[in-house]
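# Understanding the architecture of this molecule
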Amino acid sequence: MNTSSGERVVSVDGCAVRVVDAERVTAVCERMPAAEDLADTADVFGLLSDPNRLRLLVALLDGELCVCDLAAVTGQSESAVSHALRLLRAHRIVIARRAGRMAYYRLADPHVRMLLDLALAHTEHTEAVHPERDGNA
């Protein structure tokens, strides 16, 4: 195949892919996280994609709350809140502090807060088009 001005063709799984900027492609490939790290990051975004779990996390932006208070704030059952918190704890998105028989939950670290703050700020200044919700997908 003929290429022009520095383009080259690379075979990727039997498919010929044209590479226009080989230097940039190489740089991106070198900084690409490991597959396992990408899968873990995708899991975090998957957890944030559920509106009920997201509601819990937004409630925790103001500080720690117990399961009962989280249920009251979010309108979910205590059982649903406990289940969601178990998932969020397993992925180190929230942590718990015990005080006697009570457990108080809070965001695990500033990175979680930053993710939430950025996502909320993004949705506040953009108008999303949702063809999947309108049946136009």
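A brief look at the structure comes next.

Ordered in space as β3-β5-β4, the three strands form an open sheet in which the pairing is antiparallel. A strand with exactly one partner marks an edge of an open sheet, and here the two such strands are β3 (65-66) and β4 (94-99). Sheet topology places β4 next to strand β5 (residues 102-107); six bridges connect them, and they run antiparallel. Directly across from R97, in β5, lies its bridge partner Y104. Contacting β4 and β5, helix α5 (residues 78-90) crosses the sheet at an angle of about 115° to β4.

Between helix α3 (residues 51-59) and α5, the least distance of the axes is 10 Å, while the angle of their chain directions is 80°. The angle between α3 and α5 falls in the class roughly perpendicular. Where α3 approaches α5, its residues R53, L56 and L57 are matched on the opposing element by V81, A84, L87 and L88. Looking at the contact of α3 with α5 residue by residue, the class counts come to six nonpolar, no polar and one charged.

Moving on to the nonpolar core. If you look at the biggest cluster of nonpolar residues, it comprises 21 residues, and the most contacted ones within it are L57, L70, L85, V94 and Y105. Only α2 (35-48), α3, α4 (67-74), α5, β5 and α6 (110-125) provide two or more residues apiece to this core. If you tally residues by element for this core, the top one is α5, at four residues. Each residue touching L70, except ones within four places of it in the same chain, is listed here: L56, A59, L60, L65, V81, L85 and Y105.

Our next topic: the side chain of Q76. Summarising the element assignment, Q76 is placed in the loop between α4 and α5. Judged by relative accessible area, which is 14%, Q76 ranks as buried. In this structure the side chain of Q76 is engaged in a polar contact, spanning 3.2 Å, whose partner is the backbone oxygen of N52. Each residue touching Q76, except ones within four places of it in the same chain, is listed here: N52, L56, A71 and V81.

Parameters and conventions
Residues numbered from 1 in each chain as written. Predicted model: local features only at pLDDT ≥ 70, side-chain atom pairs only at ≥ 80, totals over all residues. Heavy atoms only, no water. Pairing = 2+ DSSP bridges. Helix = DSSP H or I, 4+ residues; strand = E, 2+ residues; numbered from the N terminus. Contact = heavy atoms within 4.5 Å. Axes fitted to C-alpha atoms, helices over the stretch in contact; angles between N-to-C directions. Parallel < 35°, antiparallel > 145°, perpendicular 65-115°, else oblique. Nonpolar A, V, L, I, M, F, W, Y, C, P; charged D, E, K, R; others polar. Core = buried A, V, L, I, M, F, W, Y, C linked by side-chain atoms within 4.5 Å. Buried < 20%, exposed > 50% of the residue type's maximum accessible area, 1.4 Å probe, protein only. Polar contact = N/O pair within 3.5 Å; in protein donor to acceptor, adjacent residues only side chain to side chain.

All quantities given are derived from atomic positions and should not be read as evidence of function.
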